[in-house]
Amino acid sequence: MSEPPPSVKPTAEALTPSLQPPVNQNPGAYEELHRKCRDVFPMCFEGAKLMVQKGLSSQFQITHTLSISTANTGYRFGATYIGTQDYPGGETFPVLLADTDGSGNTSATILHQFAEKYRVKLQGQVQQGKLAAAQGTFERRGRLSTYGIMLGNTDLINQSGIVVGHLLRRITERLDLGAELVYQYDKRSGQHSALSYAARYTAPNWTLSSTLGTAGVQVLYHHKQHDGLQFGIEFDANLRQAECVTTFAYQAELPESAVTVRASCDTNWTVGAVFEKRLSPTLPFTLAISGLLNHLKGQGKFGVGLIIGA
Amino acid sequence: MAALPAPKDDGILVETYYERLEALKEMFPATLRNVTSKAVSGGWTLFTFTKQAAWIISTTAMIMVLPYIIEKERADNEKAQVQQQRQMLLGPQAAVQGSQPHY
């Protein structure tokens, strides 16, 4: 009797079904739609900056920031508390962030998640002893969609405030569609609303995302060439101010020297770059230098910063 | 005898020195004059444009590209030096292995 051909023999792999964890198909927050491309753009700063980050325990972290520049010279103190509830995906809640300076101007954020689906974010800002801004966001992250509602600067006495509702839904494995409605009401100036639509197409190497509304159009393209090189192109048309800007940016990393370079140039004849380098493999010092040059005005803004601690 | 009055038109053109210098241009034909004038002003425009382009390209490259190039050259040089040293000490096998991040 001959043996059955190898393809017919039952193998151990075919008998046991594959047990893989369910893939998270939630498209993320509406505000993070353009995050992948916007992360490539440099955050140029001016003046000298020293930031000391210290973790007092595994949950509590303190940041001291000293900045000397023409825009603001001063000291800022920041604290971050991360709670104990772990959720799959690497996120831990609740998160409390606060940032304050010497004269008491504070901004604070509280983030908390209930039952892995509902997320609440409260933000407040106090300036010169008065509450300058306050907003609360409630988000429901479902299997395939994210719904959110945000109330900002709700003033019951003057009957003014902003209400924003947004939804983002995953249509296919690569396509996400969403919409956002901004409603602003004020006793003096009446009610205004703006509706905008958003779409994002994700391919293995590139992402194309777009926001289209009465206020303007934004189209962003992100391309990952290889592990150390990413490109981003943003086209921003503002219909209210009748201005269009196209920006091209790239991010390059050299992992063996722990160097990150982000540079951008745009159609307003502005060129900017930020260069970050870790100064020693054992000591936690990072040097950051930034430059911004406007060819039209012939003005340049340069900054240097040192980050101590992670 | 009274002097005769000067004739009104005696056929001699009265010109200043500058006008005579200017008139030398008439020794060249008109087309040649036009072409030369356009070429000179075009050349001057090209020179001004090249100056501006050189400034814009060099400052843009200095901000966008220079730090990355310097760092990449430095890292490559160090890697090559470390590889060379290891090769000298331990033989050609060791040079192929990876090494610790070296800042």
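Remember, predicted model here, so these are calculated numbers, not experimental data.

K.L.:
Kindly report on the pairing of strand 5 (residues 106–114) of chain A, identifying the contributing residues and their values.
P.N.:
Residue and element names in this part refer to chain A. Strand direction decides the pairing type here: strand 4 (residues 91–101) and strand 5, joined by six bridges, are antiparallel. Bridge pairing in strand 5 places Ala98 opposite Ala108. Strand direction decides the pairing type here: strand 5 and strand 6 (residues 118–127), joined by nine bridges, are antiparallel. Bridged to Thr106 within strand 6 is Val126.

K.L.:
Report on the pairing of strand 6 of chain A, specifying residues and quantitative values.
P.N.:
Between strand 5 of chain A and strand 6 of chain A, which follow one another and run antiparallel, lie three residues, and Ala115 of chain A among them has a positive phi close to 55°. Linking strand 6 of chain A to strand 7 (residues 130–141) of chain A, which pair antiparallel, is a turn of two residues; within it Gln128 of chain A sits at a positive phi near 50°.

K.L.:
How would you explain the interface of chain A and chain B if you had to name every residue and give the values?
P.N.:
Facing 25 residues of chain A, the contacting portion of chain B comprises 17 residues. Taken together, the two surfaces of chain A and chain B that pack against each other cover about 1700 Å², and 74% of this comes from carbon and sulfur. When the buried area of chain A at its contact with chain B is split by residue, Leu254, Glu256 and His295 of chain A rank highest and sum to 28% of it. Summed over the shared surface of chain A and chain B, the result is one salt bridge. The closest approach of N and O atoms between Glu71 of chain B and Lys277 of chain A, which form a salt bridge, is 2.9 Å.

K.L.:
Could you give me a rundown of empty space enclosed by the protein, with the residues and numbers involved?
P.N.:
Residues and elements named next belong to chain A. Going through the model one piece at a time under the given rule, you end up with one cavity of 30 Å³ or more. Leu33, His34, Lys36, Cys37, Thr207, Ser209, Leu220, Tyr221 and His222 are the residues that line the largest cavity. Going through the elements one at a time, helix 2 (35–38), strand 12 (206–213) and strand 13 (216–226) are the ones with two or more residues in the lining of the largest cavity. With three residues, strand 13 is the largest single contributor of residues to the lining of the largest cavity.

K.L.:
Before we move on, could you go through the nonpolar core and cite the residues and values that matter?
P.N.:
Among the nonpolar cores identified, the biggest contains 13 residues, and Tyr250, Val259, Val261 and Ala263 of chain A together with Ile63, Met64 and Tyr68 of chain B are the most heavily contacted of them. Of all the secondary structure elements, the ones that give two or more residues to this core are strand 15 (243–254), strand 16 (259–266) and strand 17 (270–278) of chain A together with helix 2 (30–64) of chain B. In contact with Val261 of chain A, other than residues within four places in its own chain, are Tyr250, Gln251, Ala252, Val274 and Phe275 of chain A together with Met64 and Tyr68 of chain B. By size, the runner-up hydrophobic cluster in this structure holds five residues, among which are Cys37, Val40, Phe41 and Leu220 of chain A.

K.L.:
Describe a nonpolar patch on the surface, listing the residues and the values that go with them.
P.N.:
All names here are of chain A. Together, Leu56, Phe60, Tyr81, Leu96, Ile110 and Leu122 make up an exposed nonpolar region whose accessible area comes to about 500 Å². Along the chain, the position of Leu56 falls in the loop between strand 1 (47–55) and strand 2 (60–68). Leu56 gets classed as exposed once you look at its relative accessible area, which sits at 54%.

K.L.:
Outline the UniProt feature "transmembrane region" (unreviewed entry) in chain B, supporting the account with residue identities and numerical values.
P.N.:
The residues that UniProt annotates with the feature "transmembrane region" (unreviewed entry) are residues 53–70 of chain B. The span residues 53–70 of chain B shows a helical share of 94% and a strand share of 0%, and its end C-alpha atoms are spaced 23 Å apart.

K.L.:
Can you break down the confidence of the model for chain B residue by residue, with the values?
P.N.:
Scored by pLDDT, chain B comes out at a mean of 85, with 83% of its residues at no less than 70. Element-level pLDDT for chain B is lowest in helix 4 (residues 92–96) of chain B, with a mean of 62, against a maximum mean of 95 in helix 2 of chain B.

About the cut-offs
Residues numbered from 1 in each chain as written. Chains lettered and ligands numbered in written order. Predicted model: local features only at pLDDT ≥ 70, side-chain atom pairs only at ≥ 80, totals over all residues. Heavy atoms only, no water. Pairing = 2+ DSSP bridges. Helix = DSSP H or I, 4+ residues; strand = E, 2+ residues; numbered from the N terminus. Contact = heavy atoms within 4.5 Å. Buried area = accessible area lost by both parts, 1.4 Å probe. Salt bridge = Lys/Arg side-chain N within 4 Å of Asp/Glu carboxyl O. 1 Å grid on protein atoms, 1.4 Å probe; cavity = no way out; pocket = protein on both sides within 12 Å on 5 of 7 lines; lining within 4 Å. Points joined across faces, edges and corners; volume = space filled by probe spheres on them. Core = buried A, V, L, I, M, F, W, Y, C linked by side-chain atoms within 4.5 Å. Buried < 20%, exposed > 50% of the residue type's maximum accessible area, 1.4 Å probe, protein only. Patch = residues over 30% accessible without salt bridge, like charges linked within 9 Å, V, L, I, M, F, W, Y side chains within 5 Å. Areas by Shrake-Rupley, 256 points an atom, 1.4 Å probe, with all protein chains shown as cover. UniProt positions renumbered as here; feature names shortened; annotations may be inferred. pLDDT = per-residue confidence, 0-100.

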